[in-house]
Amino acid sequence: MMMEQQTPPDNAGGTPASARIRARLTQRGVRFHANDNIAEHLEPGELAQLLDEVSERMRGVLDSLVIDTAGDHNSQDTARRVAKMYLQEVFGGRYTPPPPVTEFPNVAQLNELMIIGPIAVRSACSHHLCPVMGKIWIGVMPNQHSNLIGLSKYARLAGWIMSRPQIQEEAVVQLADLLQQKVRPDGLAVIMEADHFCMQWRGVKDNGARMINSVMHGSFLKDAALRREFLALIKR
């Protein structure tokens, strides 16, 4: 008989949840960079414990910034709000499993260019944790062996990848690799255009600069005419 897995007690043995998770990942040889997903290595109850831990440490950050979190009514619950924002929203793609995606066989043997986008995406720069706001276009050239997924699923998968501390160059590669695995097309193209608040909000404070980058797989790399068609269509 299988034993039901018990929720570990808060700070089991006095060890913070983050330390236990980090030790587990290290023991298993699992990378845990800012843009990695670690959901499958979390045990029941640990995400709630992380929320408490991050809240407490965020209070320490506010204290070190000399903000009166006790007397300032605007800041009294800021630490908890920020912790929830990071763990459940902005960085939620690190701690949650991938969204369910139903895949359908290509019964009609579709083999024409499909374009999905623009998909609005939001992330945070892993260098300064400043917002990254942008759009993604996805081009797919299916074949008879490809899996077809619903249009909304492209947006869900993009959101899951982007809701982590990211740099744009790596985010686009991660999304392209995930879609290649799910859809198995003859060709795949992903283009992202984004505003980076680490340039607009701080540093050079340039409000006009944007970053555009792309990843091309398969027929989009080999067929210049197909690539030109995709690029022309997304500019409409």
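As the structure is a prediction and not an experimental result, all values here were calculated from the model.

Participant: An account of the overall build of the protein is requested, with residue identities and associated values reported.
Facilitator: A count of helices and strands for the protein gives nine helices and seven strands. Seen through its C-alpha atoms, the protein measures out along the principal axes to roughly 60 × 60 × 30 Å. Residue burial in the protein is summarised as follows: out of 236 residues, 42% are buried. Partitioning the contacts of the protein with sequence separation of at least 6, the portion at a separation of at least 24 is 70%. When the accessible surface of the protein is summed, it comes to about 13700 Å², and 54% of that surface belongs to carbon and sulfur atoms. Looking at the protein, you have 26 positive and 25 negative side-chain charges, and the mean spots of the two groups are 4 Å apart.

Participant: Account for the environment of cysteine 130, with residues named and values stated.
Facilitator: Tracing the sequence through the fold places cysteine 130 in the loop between strand S2 (114-125) and strand S3 (131-141). Put simply, cysteine 130 and valine 54 are 76 residues apart on the chain and 18 Å apart in space, counted from C-alpha to C-alpha. When near neighbours in sequence (up to four residues on either side) are disregarded, cysteine 130 contacts Ser123, Ala124, Cys125, Phe197, Cys198, Trp201 and Arg202.

Participant: So what's going on with the packing of aromatic side chains? Which residues, and what values?
Facilitator: One pass over the full model with this rule turns up two aromatic pairs. With 4.8 Å between their ring centres and 5 degrees between their planes, tyrosine 86 and phenylalanine 91 make a pair best called stacked. Sitting over the ring of tryptophan 160, arginine 164 keeps its end group 4.4 Å from the ring centre.

Participant: Lay out helix H5 (residues 151-162) with the relevant residues and their values.
Facilitator: In this model H5 runs 17 Å from its N-terminal to its C-terminal C-alpha over twelve residues, within 8% of the 16 Å that 1.5 Å per residue would give. Burial in H5 covers these residues: Tyr154, Leu157, Ala158, Trp160, Ile161 and Met162. Its buried side turned inward, H5 meets helix H4 (92-95), S2, S3, strand S5 (165-166), helix H6 (168-183) and strand S6 (187-196).

Participant: If you had to explain helix H3 (residues 78-90) to someone new, which residues and values would you point to?
Facilitator: Here H3 spans only 16 Å end to end across 13 residues, well under the 18 Å set by a 1.5 Å rise per residue. Within H3 the residues assigned to the buried category are Thr78, Ala79, Val82, Ala83 and Leu87. In a view along the axis of H3, the buried residues occupy a sector of 150 degrees, so they form one face of it. In H3, the exposed positions angled more than 90 degrees off the buried face are occupied by Gln88 and Glu89. Taken together, the buried residues of H3 touch helix H2 (46-64) and H4.

Participant: Got a sec to walk through unusual backbone geometry? Specific residues and values, please.
Facilitator: The step from glycine 117 to proline 118 runs through a cis peptide bond, and the omega angle for that step is 0 degrees. Of note in the backbone geometry, leucine 129 takes a positive phi value of approximately 60 degrees without being a glycine. Judged by its relative accessible area of 40%, leucine 129 is partly exposed. Of note, arginine 184 is a non-glycine position whose phi angle comes to about 55 degrees, a positive value.

Participant: Provide a residue-level description of the sheet that holds S5, including the pertinent values.
Facilitator: Ordered by their spatial adjacency, five strands build an open sheet running S5-S2-S3-S6-S7, and the pairing between neighbours is mixed. Lying at the two open borders of the sheet, with one neighbouring strand each, are S5 and strand S7 (210-218). Two strands pair when backbone bridges link them, and S6 and S7 are joined in this way by nine bridges, in the antiparallel orientation. Across the sheet, glycine 187 pairs through a bridge with glycine 218, a residue of S7.

Participant: How would you explain the pairing of S6 if you had to name every residue and give the values?
Facilitator: Most of S6 is tucked away, with ten of its ten residues classed as buried. Alternating residues of S6 divide into Gly187, Ala189, Ile191, Glu193 and Asp195 and Leu188, Val190, Met192, Ala194 and His196, and every residue in both groups is buried. As defined by bridge partners, S3 adjoins S6 across ten bridges and the pair is classed as antiparallel. Of the residues in S6, the one forming a bridge with isoleucine 138 is valine 190.

Participant: If you had to explain the packing of H5 against H6 to someone new, which residues and values would you point to?
Facilitator: A pair of packed helices is captured by two measures, namely the crossing angle of their axes and the spacing between those axes. One can describe the packing of H5 onto H6 by two numbers: an axis separation of 10 Å at closest approach and a directional angle of 140 degrees. Considering their axes alone, H5 and H6 lie oblique with respect to each other. Note on packing geometry: the crossing formed by H5 with H6 is right-handed. Residue-level contacts link Tyr154, Leu157, Ala158, Trp160, Ile161 and Met162 of H5 to Ala171, Gln174, Leu175, Leu178, Leu179, Lys182 and Val183 of H6. Residues belonging to the contact of H5 with H6 are distributed by class as follows: eleven nonpolar, one polar and one charged.

Reading the values: rules and limits
- Within any chain, residue numbers begin from 1 and follow the written order of that chain's sequence.
- Given that the model is predicted, a residue must reach a pLDDT of at least 70 before its local features are reported, and side-chain atom pairs must reach 80 or more before they are shown or counted; all residues, however, enter totals for whole chains, interfaces and linings.
- Neither water nor hydrogens contribute to the side-chain values; these are computed over all heavy atoms in the structure.
- Numbering goes from the N terminus for both helices and strands, where a helix is a DSSP run of H or I of at least four residues and a strand is a run of E of at least two.
- Note on classification: 1.4 Å probe, protein chains only; a residue is buried when its accessible area is under 20% of the maximum for its type, exposed when over 50%, partly exposed between these limits.
- By definition in these notes, contact holds between two residues if any of their heavy atoms fall within 4.5 Å.
- Per-residue and other accessible areas were derived by the Shrake-Rupley procedure at a 1.4 Å probe size, with only the shown protein chains allowed to occlude residues.
- For the purpose of counting charges, residues Lys and Arg are taken to be positive, whereas Asp and Glu are taken to be negative. His and the chain ends are not included.
- A single reference atom marks each charge: NZ on Lys, CZ on Arg, CG on Asp, CD on Glu.
- Centre distance within 6.5 Å is the pairing criterion for rings of Phe, Tyr and Trp, where only the six-membered ring of Trp is used; planes under 30 degrees apart are then read as stacked, over 60 as edge-to-face, and the remainder as tilted.
- Consider the ring centre and the ring normal. A charge sits over the ring if Lys NZ or Arg CZ is within 6 Å of that centre and within 35 degrees of that normal.
- Take the residue count of a helix, subtract one, and multiply by 1.5 Å to get its expected span.
- Arc definition: it is the arc formed by the directions from the helix axis to the C-beta atoms.
- Here the rule is simple: two strands pair whenever DSSP picks up at least two bridges between them.
- In this analysis, axes come from line fits to C-alpha atoms, helices being fitted only over the stretch in contact, and the angle between any two N-to-C directions falls in the range 0 to 180 degrees.
- Roughly parallel refers to an angle under 35 degrees, roughly antiparallel to one over 145, roughly perpendicular to one between 65 and 115, and oblique to any angle outside these ranges.
- Take the far helix as the reference: if the near one is turned anticlockwise from it by less than a right angle, the crossing is left-handed, and if turned clockwise, right-handed.
- Amino acids are sorted into nonpolar (Ala, Val, Leu, Ile, Met, Phe, Trp, Tyr, Cys and Pro), charged (Asp, Glu, Lys and Arg) and polar (every other residue, Gly among them).

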